[in-house]
Amino acid sequence: MPRPMYRNRSWRRIVVKTPGGDVSVHYEKRRPNAARCAICGRPLNGVPALRPVELRKLAKTEKRPERPYGGYICHECLARGIREAVRQAL
């Protein structure tokens, strides 16, 4: 029987055949969903889908694109917003 900690579905079960020929079950945390645009909801390019502990190990430039609102809205929504802002200013 697995440890009490592993007896729920937040752990992904991976069946592994060991070199000795036995079949054992390894447990790992599930992969998170991809980051999504706050306006249109499409997955963001350039933002890795990692667990928080793995995301902390990355450099700031690896976590999101280097543009205004990078990692928050997609490039198309950003372009649309800039166009609307310029048209409002005229």
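These numbers were taken from a predicted model, which means no experiment stands behind them.

1. Some points on the nonpolar core
One finds C37, L44, V47, I73, C74, C77 and L78 forming the largest nonpolar core, which totals 7 residues. Residue contacts for C74: discarding those within four places in its chain leaves C37, C40, R42, L44 and R67.

2. Details of the pairing of strand β1 (residues 11-17)
Relative to strand β2 (residues 23-29), β1 is paired through 7 bridges, and the arrangement is antiparallel. From the neighbouring strand, V16 faces β2, where its bridge partner is S24. The turn joining β1 and β2, which pair antiparallel and follow one another in sequence, is formed by 5 residues; a positive phi near 95 degrees is taken by G21.

3. Re unusual backbone geometry
With glycine set apart, most residues show a phi of negative sign, and most peptide bonds adopt trans. A positive phi is found at Y69, a non-glycine position, where the angle reads about 60 degrees. With respect to the secondary-structure elements, Y69 resides in the loop between α2 (60-63) and α3 (75-89). You can call Y69 exposed: its relative accessible area is 56%.

4. Here we look at the packing of aromatic side chains
Here the distance between the centres and the angle between the planes together describe a pair of aromatic rings. One pass over the full model with this rule turns up 2 aromatic pairs. Taking the centre distance of 4.9 Å and the plane angle of 85 degrees together, the rings of Y6 and W11 count as edge-to-face. Side by side, Y6 and W11 carry an identical accessibility label, which is buried. Their ring planes at 5 degrees and their centres at 4.6 Å tell us that Y6 and Y27 sit as a pair that is stacked. Taken as a pair, Y6 in the segment before β1 and Y27 in strand β2 lie far apart in primary sequence, 21 residues in all. The exposure class of Y27 is partly exposed, given its relative accessible area of 24%. Lying over the aromatic face of W11, K29 brings its terminal NZ or CZ to 4.6 Å of the ring centre.

5. Regarding the environment of T18
Tracing the backbone through its elements, the reader meets T18 in the loop between β1 and β2. Exposure remark for T18: the relative accessible area of 27% places this residue in the partly exposed category. It is 20 Å that separates the C-alpha atoms of T18 and Y6, two residues lying 12 residues apart in sequence.

6. Quick word on a nonpolar patch on the surface
Among the surface-exposed residues, V15, V23 and V25 lie close enough to one another that they form a single nonpolar patch of about 280 Å² accessible area. Here V25 is to be found in strand β2.

7. Quick word on the environment of G46
Within the secondary structure, G46 sits in the loop between β2 and α1 (52-55). Residue class for G46 comes out exposed when judged on its relative accessible area of 54%. Once residues lying within four places of it in the same chain are set aside, the contact partners of G46 are E62, K63, R64 and P65.

The rules behind the values
- Residues numbered from 1 in each chain as written.
- Predicted model: local features only at pLDDT ≥ 70, side-chain atom pairs only at ≥ 80, totals over all residues.
- Heavy atoms only, no water.
- Core = buried A, V, L, I, M, F, W, Y, C linked by side-chain atoms within 4.5 Å.
- Buried < 20%, exposed > 50% of the residue type's maximum accessible area, 1.4 Å probe, protein only.
- Contact = heavy atoms within 4.5 Å.
- Pairing = 2+ DSSP bridges.
- Helix = DSSP H or I, 4+ residues; strand = E, 2+ residues; numbered from the N terminus.
- Phe/Tyr/Trp six-rings, centres within 6.5 Å; stacked < 30°, edge-to-face > 60°.
- Lys NZ or Arg CZ within 6 Å of the ring centre and 35° of its normal.
- Patch = residues over 30% accessible without salt bridge, like charges linked within 9 Å, V, L, I, M, F, W, Y side chains within 5 Å.
- Areas by Shrake-Rupley, 256 points an atom, 1.4 Å probe, with all protein chains shown as cover.
- Salt bridge = Lys/Arg side-chain N within 4 Å of Asp/Glu carboxyl O.

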